[in-house]
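Analysis of the macromolecular model
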Amino acid sequence: MRRWEFLVLGPLEVRDGGRVVAIRSAKQRVLLSALLARPNEPVHVDELIDHLWGAGAPGAARGTLQTYVMRLRQFLDDGSAREVVRTTATGYSIHVDSDRLDLTRFRELRARARAAEEAGDLDAESAFLDEAVRLWRGPAFDQVPSRRDGSADSDRLDEQRWEAVERRNEVELLLGRHESLVDDLLALVALHPLRERFWAQLMSAQHRGGRQAQALDTYRRAREVLAEELGIEPNAELRRLHQAVLAGRTGPAWLPPAVPDFTGRAAEVEAITTGLRGVWTITGPGGVGKTTLAVHVAHLVRADYPDGQLYLNLRGTGVDPTEALDRLLRGLGVPGSAIPASLDDRIGLYRDRLADRRVLVVLDNAAEEAQVRPLLPGTPTAAVLVTSRAALAGLEGARVVPLGVFPAEDALGLLRGALGARRVDAEPEAAREITGYCGSLPLALRIAAGRLVARPHWRLSQLAGRLEDQRGRLDELRVGDLDVRASLALSHDGLTPARRRLFGLLARLDAVDFSASTAAPLLDVGLDEAEEHVEALVDARLVDLAGRDVLGRQRYRLHDLVRVFGREVADDDPAPLRRLFDTWCDLAERVDADLPQEALRLPVRPRPDSELADRLLADPVAWLDAEWLGIRAAVAQAAALGMAEQVCGLVIATGAFCDLRARFDDWAWLIEVALPFATWRTEAVLVQQRGILRVRQHRFDEAEADFDRARLGFESVGDDWGSAYAWYASGWMHEWRGRPERARECHRQATARFRTSGNALGEVEVLASLGAIARRAGDFDEARGHLTRCHDLATVLDDERGTFGAVLELGRLLRFTGELEASAHRLATALTMAERMGDPDMAAIIRLFLADALLRAGHVEAVDELVRQAHEYLEEHDDRVGLVWSWRLLSARSADPVTALGWAGRALDGAEELDLPPEVARSLCTLGYALAGVGRHDEAVRAWERAAALFVEAGFHAEAAEVPVQAR
């Protein structure tokens, strides 16, 4: 059986058992090279055609390509069952073991060298790099006649070759092997005269070997070549070395290469470069670009630090101060035998070597203050840049530069810088989608750009489509040694088991943001411990701060890519989420028990003491305001998980809150989500709530059908309590529609069932409604009797809401009996109660009732402010009934007759849109006064006549009696 080996780091060679096998067809060589450039990955048909024919591809190119592939397969048939060249969904791929292709061996050796660098093993790093460099026999894919425009694959590989050579040379210099490097570097500058790094390394090797004259001559030759070929002066590194040689000294130049297409961070760059003295700390989560910014700034200011630039990757907790100082001292020219053993002695020697020297120290990826302090120079002439995921708040005197994700424009700018403006601007929507899927995280954006650079035939929309699926997004965000998942794993792996579990649970949660209290039920721990765990995740840069809520508590959130990673590492145990949803349901039910209830008050069951309730529900409604988006998301998530009890429980417990806060769209959506999960009884409750909502929306026919359906549902399970409320809701709805007799009958049925079920609170609500109906009908004594009994019973029951209803309706009754001062007093009391109960909608309406009473009593000084406050609120919340009331009062208070007429007309139009006869009648009355004010008396009388007829038809005899006499 044949055992193929492929060599592409130079002229293409195919070997079988060490014997070179010739491929005579040029097209076959091109096809094989294109596949080997991306081993074990699919290569698109269009890309292969581009390699084979370029812009001159024949019409039958795809068919011809299939023929070439068939022949290549036949050539590479190794006698095994597997195919070397395989067909994929979009093209073809070649499958080759890593040890049978020099390109993959080169990449593996570079990865091992990086690992050795992180471990501080310079000897191993040098060995791996030297082995990697020796694999090269010439330019990548040399003598392969690809017709593709440009040679991106080979150029990129060649650049990786010379980067490996540069790093190998740097390590050799760090190891003190400068003598053995000189000959190699002389050959390299002859081969690559425009590569300034090689000239700098040659100067360093010569100078360290005591060859000062040769080093100065090297600088002269480099300067002449650069001037002649490019018309430029040597870069800052060469100029610094030249000055160091002239001064008889040299310093380390350890900075990693600068990022050529550095984007954004203008404010941060300006702040650091203009004020770089002492210690600066760049902090932020993984992948946010801390190292990139530090290295970029270091290159910008390196000329200000001619005595050297030290760079050390501390690898989080991977390098302790003793080991770090060993490497730093060696870089400063201290022989290994002269480096003391103790940490304190190393610190003293390090600071002595840096005394009064202008040196820049970059400490990358620090874990904590104790790791950094021993590495700080003791001289004001030096500067230090530290990067860390931790805040390092205890690092004395440090200036902190926090980094977040890119703004939208900077994110697009990074793509433009890497891909070119033309390519990005050709697909602006796809570019925005890519930045969105990357969450504007610089590392993710750079990876996405790298993938597109490597695949110039890809449209941006193709990558955007691949990133759209969250489950595979992190797989897509990986190119070369850049990997979002690996970056996040560094933070995750350093957590305690409890915090790793919490991170996964928070990632599974669909809420946009959350408070620390959310962690308590997820982990089943107390609030204080939960907060400590969440703050630890903040310190690990896995959780971001998201501002404060209405309670002043800190909110937190997860970056989109962090959430994707968290879901990958999380377990799928549903119990913690169920525990959270149950906790939220319990808290919402506790809040619900104290909220205003309209036409449905559920029985209050005894509840045990709860630390969460005691600490979170000091302001119950504000707690629901703060957690609302999370609770809404929890309903959807519980539904997706099939948690029927939690879905229905949360929706029912938050119905009164939705009514209070006029969250009608949310309320409607929640009910529709919950209904498929409902039992017979919970379905009746949900349908009853939907009926209440539809009354608020003035969809009365649908509301009536809902109340009938709810009543039948309650009766089917023998629930007199619920059935009573269904009857009461129907009566309440008929009140709205001006149907007093039908309302009375429904309330009579409700009263009987309230008594049967022992619901005295329900009786209080019915008495308030009967008092209102009697008031409208002009039966003032009956109304006073109902309302007095309502007030007395509510007082006995300590029912604040019932007491409020009685006080409000008594205030309105006294307005019609002419007791205006008493009416205003009662209404002012009702206003105070509504505000105390946290019912701003009702408070706005009461302000209008109070304004009307004060206006009739002649106390006009307070009227305008009451109307203004009410109108602003009602307009903001689009309360159409309330707005009609406010427009009528604005008409009554307008000094200009024409303006008054305008407000009155607007009120009538609004009332007619609502299709509520009593509101139309009231608005006609106001219009009549406005018409009379402009001298249009006949029209005024007609408006009043129509108003009187509507009042009488609706049974609102008290208001009919107030219509001007000429209309009656």
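Residues numbered from 1 in each chain as written. Predicted model: local features only at pLDDT ≥ 70, side-chain atom pairs only at ≥ 80, totals over all residues. Heavy atoms only, no water.

As named in an unreviewed UniProt entry, the protein is DNA-binding SARP family transcriptional activator, taken from Umezawaea tangerina. Recorded in UniProt under Sequence similarities (unreviewed entry), the annotation for the protein is "Belongs to the AfsR/DnrI/RedD regulatory family." (UniProt positions renumbered as here; feature names shortened; annotations may be inferred.)

Assigned secondary structure in the protein consists of 47 helices and 16 strands. Its C-alpha atoms give the protein a radius of gyration of 40 Å, more than 25% over the compact-globule value 30 Å for 968 residues. By its C-alpha atoms, the protein is 115 × 70 × 65 Å across when sized along the principal axes. The long-range share in the protein, meaning contacts at least 24 apart out of those at least 6 apart in sequence, stands at 66%. Here the protein has roughly 40,900 Å² of accessible surface; of this, 50% comes from carbon and sulfur atoms. Averaging the locations of the 122 positively and 151 negatively charged side chains of the protein gives two centres separated by 5 Å. (Helix = DSSP H or I, 4+ residues; strand = E, 2+ residues; numbered from the N terminus. Rg over C-alpha atoms; globule rule 2.2 N^0.38 Å. Contact = heavy atoms within 4.5 Å. Areas by Shrake-Rupley, 256 points an atom, 1.4 Å probe, with all protein chains shown as cover. Lys, Arg positive; Asp, Glu negative; His and termini not counted. Charge placed at Lys NZ, Arg CZ, Asp CG, Glu CD.)

Here Ile-23 lies in the loop between strand S3 (19-21) and helix H1 (26-36). Relative accessible area serves as the criterion here: at 11%, Ile-23 is assigned to the buried category. In sequence terms Ile-23 and Leu-467 are 444 residues apart; their C-alpha atoms lie 39 Å from each other. Sequence-distant contacts of Ile-23, defined by excluding residues within four places in its chain, comprise Val-14, Gln-28, Arg-29, Leu-32 and Phe-75. (Buried < 20%, exposed > 50% of the residue type's maximum accessible area, 1.4 Å probe, protein only.)

This paragraph deals with the sheet that holds strand S15 (residues 544-548). Taken in spatial order, the three strands of this open sheet run S14-S16-S15, and their pairing is antiparallel. With one partner strand each, in any of the chains shown, strand S14 (514-515) and S15 form the two edges of the open sheet. (Pairing = 2+ DSSP bridges.)

Our focus in this paragraph is the state of the cysteines. Evaluation of the coordinates by the stated rule reveals zero disulfides. No disulfide involves Cys-648; its sulfur sits 9.7 Å from that of Cys-585, the nearest cysteine. Its relative accessible area of 5% is what places Cys-648 among the buried residues. Cysteine Cys-746 remains unbridged, with the sulfur of Cys-790 as its closest cysteine sulfur at 19 Å. (Disulfide = S-S within 2.5 Å.)

Next up on the list: the packing of aromatic side chains. Under the defined criterion, the tally for this structure stands at twelve aromatic pairs. Between Tyr-929 and Trp-944 the ring centres are 5.3 Å apart and the planes differ by 65 degrees, which places this aromatic pair in the edge-to-face class. Pair noted here: Tyr-929 is in helix H45 (residues 917-933) and Trp-944 is in helix H46 (residues 937-954), with a separation of 15 residues, a long-range link. Judged by its relative accessible area of 5%, Trp-944 falls in the buried class. Chaining the aromatic ring pairs together yields one cluster made of Phe-700, Trp-732 and Trp-736. The aromatic ring of Phe-198 is capped on one face by Arg-195, whose charged end is 5.7 Å from the ring centroid. Over the ring of Trp-727 we find Arg-711, and its NZ or CZ is 4.3 Å from the ring centre. (Phe/Tyr/Trp six-rings, centres within 6.5 Å; stacked < 30°, edge-to-face > 60°. Lys NZ or Arg CZ within 6 Å of the ring centre and 35° of its normal.)

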